[in-house]
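Descriptive structure summary
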Amino acid sequence: MKKLFIILLAIVCVSCQTTDKENVLKDKVILFVYGGWDGHEPKQCHDLLKPWLEEQGATVYSSQSLDSYTNKELMEKVDLVIQTWTMGTMTGAQEKGLTEAVRNGVGLAGWHGGLGDSFRNSTEYQFMVGGQWVAHPGNKVDYDVDIIDKKDPVTKGLKKFHMKSEQYYMHVDPGVKVLATTTFNGEHASWIDGVIMPVVWKKYYGKGRVFYSSLCHDANDFNVPEALEIMKRGIEWAVLSKEEDEEDDDD
Ligand SMILES: [Zn+2]
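Residues numbered from 1 in each chain as written. Predicted model: local features only at pLDDT ≥ 70, side-chain atom pairs only at ≥ 80, totals over all residues.

What follows deals with the overall build of the chain. The helix and strand tally for the chain stands at 7 helices and 11 strands. Sorting the 251 residues of the chain into buried and exposed places 43% on the buried side. Long-range contacts, defined here as pairs at least 24 residues apart, represent 75% of the contacts in the chain between residues at least 6 apart. (Helix = DSSP H or I, 4+ residues; strand = E, 2+ residues; numbered from the N terminus. Buried ≥ 20, exposed ≤ 12 C-beta atoms within 10 Å, placed from the backbone. Contact = placed C-beta atoms within 7 Å.)

Mapped onto the elements, Arg209 comes out in strand S11 (residues 208–213). When the 25 C-beta atoms within 10 Å are taken as the criterion, Arg209 is described as buried. Considering only alpha carbons, one finds Arg209 and Leu108, 101 residues apart in sequence, at a separation of 6.2 Å. Beyond its immediate stretch of four places on either side in the chain, Arg209 contacts Gly107, Lys202, Tyr204, Trp237, Ala238 and Ser241.

The next point concerns helix H2 (residues 42–55). In this model H2 runs 20 Å from its N-terminal to its C-terminal C-alpha over 14 residues, within 8% of the 20 Å that 1.5 Å per residue would give. Buried positions along H2 lie against strand S1 (29–36), strand S2 (59–63), strand S3 (80–86) and helix H5 (112–116). Gly57 sits one or two positions beyond H2 and adopts a positive phi of about 100°. (Expected span 1.5 Å × (residues − 1).)

On to unusual backbone geometry. Of note in this structure, Phe119 is not a glycine but carries a positive phi near 55°. Following the sequence through the fold, Phe119 ends up in the loop between H5 and helix H6 (123–129). On the basis of neighbour count, Phe119 is assigned to the buried category, with 23 C-beta atoms found within 10 Å. Positive phi, normally seen in glycine, also occurs at Cys216, with a value near 75°. Inspection of the secondary structure assignment puts Cys216 in the loop between S11 and helix H7 (225–238). Judged by local crowding, Cys216 falls into the buried class, with 27 C-beta atoms found within 10 Å.

Overall, mixed pairing links the 9 strands, which are arranged S2-S1-S3-S4-S11-S10-S9-S6-S7 in an open sheet. Two strands close off the open sheet at either side, each with one partner strand: S2 and strand S7 (161–166). Strand-to-strand twist in this sheet, taken as the mean axis angle between neighbours without regard to direction, amounts to 25°. Against the sheet, H2 engages S1, S2 and S3, with an angle of about 170° to S1. The sheet contacts of H7 involve S3, strand S4 (107–111), S7, strand S10 (196–205) and S11, and relative to S11 the element is tilted by about 175°. (Pairing = 2+ DSSP bridges. Axes fitted to C-alpha atoms, helices over the stretch in contact; angles between N-to-C directions.)

Taking 1.5 Å per residue as the helical rise, helix H4 (residues 92–103) with its 12 residues ought to reach 16 Å, and the 16 Å between its terminal C-alpha atoms agrees with that figure. Of the residues making up H4, those classed as buried are Glu95, Gly97, Leu98, Thr99, Ala101 and Val102. Considering only its buried residues, H4 is in contact with helix H3 (72–77), S3, S4, H6, S10 and S11. Positive phi shows up at Gly105, right after H4, with a value of about 125°.

Structure below.
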C-alpha cells in the first residue's frame, strides 16, 4: 500500500510540473511512422502516444510504410517525424527523403530500437540520429537512469529513476547533448564495468532537431512515469524545430 502511494505521488509530481506551460503541440503536423521488428510493440506504442498528441491539438498522420518519407508533399508540411521502426532496411530514396526533410528543419523524435536500431546499413540515417545500438548485456536487467542535465526543459525537475528493461549499450556521436546517462556494471560483460552511457540526448542534423531516448523496450515500459515524461518533453522540444529562432538556440 505504501509502495502504491509512493508511485501515485511520483506520477502526480511528474505531471504537475507540466501543467502550466504553453501547449506547443497545438496545430502541429506530425508524421508517426511505425513498423519493423514486432518485439518492440510499434503499434501498441503508437496507440499509446497518438491520443496524447491529438489531445494536445496536433494533427497526426500515421503510416506503416517507409515510403511516406518519399512523399515530398507530405514531408514538406510536417513539423515532426516520430518513428518506431526497429531493424528493417530503407531504400536510398526513403533515406534521402527523411534525411533531407530533417536537414531542412523537420524535427525527429523516437526511442529505443525504433530510432536507435533502425536500418543498420544506412549510415547517413545513423549520422542523423547520433547513435546506434550495439548490445543490451544481460537482456532485461535492473538499472538506474541518472539525470545529468538538470536545467534542460526535457529533464528539469526529474530525479534519478529505476528501470527493469534492456539497458542499451550504444555507439554515440560525441556531438550530442546528453541529458541522462546510465552506468553499466560488469555482470554480463566484465570489460564494460563502470562505463557511463548516454540514455537521453538531443542534437541537430542540419536545421532539424533530433531527440532520442534509449528507454522503453515495449509499451509496458512507458508505465515508468519518468520514461514517459522524458519522451513527451522530447517530442515537445523537437516539434518546434521549424520555429527555431537562431537567437534562442543556446542548446
Ligand atoms: Zn528492446
